[in-house]
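Below, each chain spelled out in residue letters.
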Amino acid sequence: MTQPTGSSLDPRDRALFTDRYELAMLQGYYEADHTPTATFSLYFRKLPPDRGYAIAAGLKQVIDYVETLAFDDRALDYLAEEGFDAEFLSYLDGFEFTGEIRALPEGTLVFPNEPLLEVTAPIHEAQLFETFVLNQVGFQTLVATKGARMADVVRRHGDGQDLVDFGSRRAHGTDAGLTAARAAYIGGFDGTSNMLAGERYGVPTYGTMAHSWVQSFESERASFAAFADVYGDDTVYLVDTYDTITGAERAVAVAADRDVDLGGVRLDSGDLTELSKQVREIVDDASIVVSSGVDEFFLREFFDDDGVASAFGPGTALTTSADAPNSGVVYKLTAVERDGALAPSMKLSPGKVTYPGQKALHRVERDGQYQYDVLARRDEALEAGAPQLEPIFEDGSLVYTPPELATIRQRASRELEALPERCRHVSEPDPYEVRISDGLEAVTKQTERSIRDREL
């Protein structure tokens, strides 16, 4: 299946999906004839709570945004109404990206201070991307990581149970629901309930029935019988509308009465761990799908307490990343052209100090296990480790072929398997070591001294 790359945002609206201060700065750069080449870096200052890693996601949407970004007549008319200068709007009418983007491929592990992507371009071009890039990469990385944490618990403590995204209805808007399904699949989920994610991205879709189906019939048994008559073998019945144990018994009886194979039952309320054990005795080897309140913490306890399930349907906790709903990624200027060459730049704000300059990132692996990363200057020669950042755009042209979503998902799984288990704990993981190279340490100290001498 061909996989469109965009979010659900209409391409005609992408130019205006930005903060006003971005366009205010763009007009300022234009009118001041101040358009030096600059590098912006997207990275985590620190990972969200209880995260020992993050899984990069959202690059495909960024690629589509860069390739399709244009200010049409409607956007230009609106900006004119908002007081932007006619000459500046004439420039926007022909806007195109001319710079370079390097990035971590989707599905790659990322740690604090490491670039998810770097944009190098005339500053007014690179500046404009900030809002969209933070929105798409920040959110999808957050959800891919949440999904990977659940998949990793199943991988290490479960028995190959499926994970299906049930969270679209609780996501913060349609775009969030759609891209969350994509990101969860990258993180290791097996499917989604969202049909648009199935059509657009090729994510397998799953679904059973709602309590409203059961309630709409004169009896629970009648509702199961009607469903069996429509769908026949392998039907999954929601059995907790009234009483879970009785519902499971009725599902078995209806399947026998209709002479169809019982596909399974879904449990959506009550003490799910204990109920799953009791239901297993009733439904024999039929599937048991557990939903409601499922996240990595629930899964860890479920397996520790010998719960029984064939699949899980996480919802709210997944699509909102409920325990850590803010990724905290930032998009910061790290280099700017001075006297014809890129010069490193950094913030000195307390708690928000940045490493200056363009970066290289190398990952050191031994015997199939990641040992540590090295964050360095881009022009620094490093002997250890494999480089992680890949060229995406050069001179404004796309030079990267995004892989299929299934390939990205496989990459995330391999990456996670190579990360030491102590860094993958659900709670209080050990931090993965990110070393700062001698060259980057030196340029950081030199840049800080220069700024203090000049500004302070």
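Position numbers for residues count from 1 along each chain, tracking the sequence in the order it is written. Reporting of local features is limited, given that this is a predicted model, to residues whose pLDDT is at least 70; pairs of side-chain atoms are given and counted only at 80 or more, and all residues count toward the totals for whole chains, interfaces and linings. In computing side-chain values, all of the structure's heavy atoms are included and hydrogens and water are not.

- As annotated in an unreviewed UniProt entry, the chain carries the name nicotinate phosphoribosyltransferase and is attributed to Natrinema hispanicum.
- UniProt positions are given in the numbering used here, feature names are shortened, and annotations may be inferred rather than shown by experiment. As stated in UniProt under Pathway (unreviewed entry), the record for the chain gives "Cofactor biosynthesis; NAD(+) biosynthesis; nicotinate D-ribonucleotide from nicotinate: step 1/1."
- According to UniProt, the comment filed for the chain under the heading Sequence similarities (unreviewed entry) is "Belongs to the NAPRTase family."

1. Things to note about the UniProt feature "domain: Nicotinate/nicotinamide phosphoribosyltransferase" (unreviewed entry) in the chain
Then, in step 1: Mapped onto the present numbering, the UniProt feature "domain: Nicotinate/nicotinamide phosphoribosyltransferase" (unreviewed entry) falls on residues 163–343.
Then, in step 2: Helix and strand labels come from DSSP, where a helix needs a run of H or I of at least four residues and a strand needs a run of E of at least two; each type is numbered from the N terminus. Between the first and last C-alpha atoms of residues 163–343 the distance is 47 Å; the span itself is 44% helix and 20% strand.

2. Section: helix H13 (residues 296–304)
Then, in step 1: Exposure is judged per residue with a 1.4 Å probe applied to protein chains only, and the accessible area is read against the type maximum: over 50% gives exposed, under 20% gives buried, and values in between give partly exposed. Buried residues of H13: Glu 296, Phe 297, Phe 298, Leu 299, Phe 302 and Phe 303, and no others.
Then, in step 2: Contact between two residues is taken to exist if any of their heavy atoms lie within 4.5 Å; hydrogens are not considered. Considering only its buried residues, H13 is in contact with helix H6 (130–157), strand S6 (162–165), helix H12 (272–283), strand S10 (287–291) and strand S11 (311–313).
Then, in step 3: Each polar contact in these results corresponds to two N or O atoms within 3.5 Å; when the atoms are within protein, one needs to be able to donate a hydrogen and the other to accept it, and residues that are neighboring in sequence are counted only if both atoms are side-chain atoms. Capping the start of H13, Asp 295 holds a side-chain oxygen 3.1 Å from the backbone nitrogen of Phe 297, two or three residues further along.
Then, in step 4: Trailing H13 by a residue or two, Asp 306 shows a phi angle of about 65°, which is positive.

3. Let's talk about the UniProt feature "domain: Nicotinate phosphoribosyltransferase N-terminal" (unreviewed entry) in the chain
Then, in step 1: Summarizing the sequence annotation, UniProt attributes the feature "domain: Nicotinate phosphoribosyltransferase N-terminal" (unreviewed entry) to residues 16–137 in the numbering used throughout.
Then, in step 2: In residues 16–137, helix accounts for 43% and strand for 18%; the two terminal C-alpha atoms are 18 Å from one another.

4. A closer look at the pairing of S6
Then, in step 1: Where S6 lies against S11, 2 bridges are found, and the strand directions are parallel. Opposite Leu 163, over in S11, you have Phe 312 as the bridge partner.
Then, in step 2: The pairing of S6 with strand S7 (residues 191–192) spans 2 bridges and is parallel. Bridging from a neighbouring strand, Val 164 pairs with Gly 191 of S7. Strands were regarded as paired on the criterion that DSSP finds at least two bridges between them.

5. Structural notes on the domain arrangement of the chain
Then, in step 1: An automatic or database domain assignment supplies the residue ranges for each domain. Splitting the chain by domain gives domain 1 (11–144 + 324–455) and domain 2 (190–313).
Then, in step 2: Put simply, the middle of domain 1 and the middle of domain 2, counted by C-alpha atoms, are 43 Å apart.
Then, in step 3: Contact residues are listed per partner, giving 7 residues for domain 1 and 6 residues for domain 2.
Then, in step 4: Note on domain 1 versus domain 2: buried area summed over both sides is about 510 Å², and carbon and sulfur give 52% of it.
Then, in step 5: Basic side-chain nitrogens of Lys or Arg form a salt bridge, by our definition, when they fall within 4 Å of a carboxyl oxygen of Asp or Glu. If you look at where domain 1 meets domain 2, you find 1 salt bridge.
Then, in step 6: Between Arg 409 and Asp 190 there is a salt bridge, and its shortest N-O distance comes to 3.1 Å. By buried area we mean how much accessible surface two parts lose on assembly, using a 1.4 Å probe and totalling the loss over both.

6. Here's the deal with the packing of aromatic side chains
Then, in step 1: Here is the rule: rings of Phe, Tyr and Trp (six-membered ring for Trp) pair when centre to centre is within 6.5 Å. Planes less than 30 degrees apart are stacked, more than 60 are edge-to-face, and the remainder are tilted. Tallying each qualifying case throughout the model produces 21 aromatic pairs.
Then, in step 2: On the basis of an interplanar angle of 10° and a centroid distance of 5.0 Å, the ring pair of Phe 40 and Tyr 331 is categorised as stacked. With Phe 40 in strand S1 (residues 37–44) and Tyr 331 in strand S12 (residues 329–338), this residue pair connects regions lying 291 residues apart in the sequence. Comparing Phe 40 with Tyr 331, the two get one shared label, buried.
Then, in step 3: Centre to centre, the rings of Phe 71 and Phe 95 are 6.3 Å apart; their planes meet at 80°, and the pair counts as edge-to-face. Taken together, the residues span a long stretch of sequence, with Phe 71 in the loop between helix H2 (59–68) and helix H3 (73–81) and Phe 95 in the loop between helix H4 (86–93) and strand S3 (100–103) at a distance of 24 residues.
Then, in step 4: You can call Phe 71 buried: its relative accessible area is 3%.

7. Let's talk about the environment of Glu 100
Then, in step 1: When you line up the elements, Glu 100 lands in strand S3.
Then, in step 2: In this structure the C-alpha to C-alpha distance between Glu 100 and Val 119, which are 19 residues apart in sequence, comes to 5.9 Å.
Then, in step 3: With near-sequence residues (within four places) excluded, Glu 100 lies in contact with Glu 118, Val 119, Thr 120, Gln 358, Arg 378 and Phe 393.
Then, in step 4: A polar atom in the side chain of Glu 100 sits 2.8 Å from the side chain of Arg 378.

8. Let's talk about the pairing of strand S17 (residues 390–394)
Then, in step 1: Two strands pair when backbone bridges link them, and S3 and S17 are joined in this way by 3 bridges, in the antiparallel orientation. Residue pairing across strands places Ile 101 opposite Phe 393, the latter belonging to S17.
Then, in step 2: With 2 bridges connecting them, S17 and strand S18 (residues 397–398) associate as antiparallel partners. Directly across from Phe 393, in S18, lies its bridge partner Leu 398.

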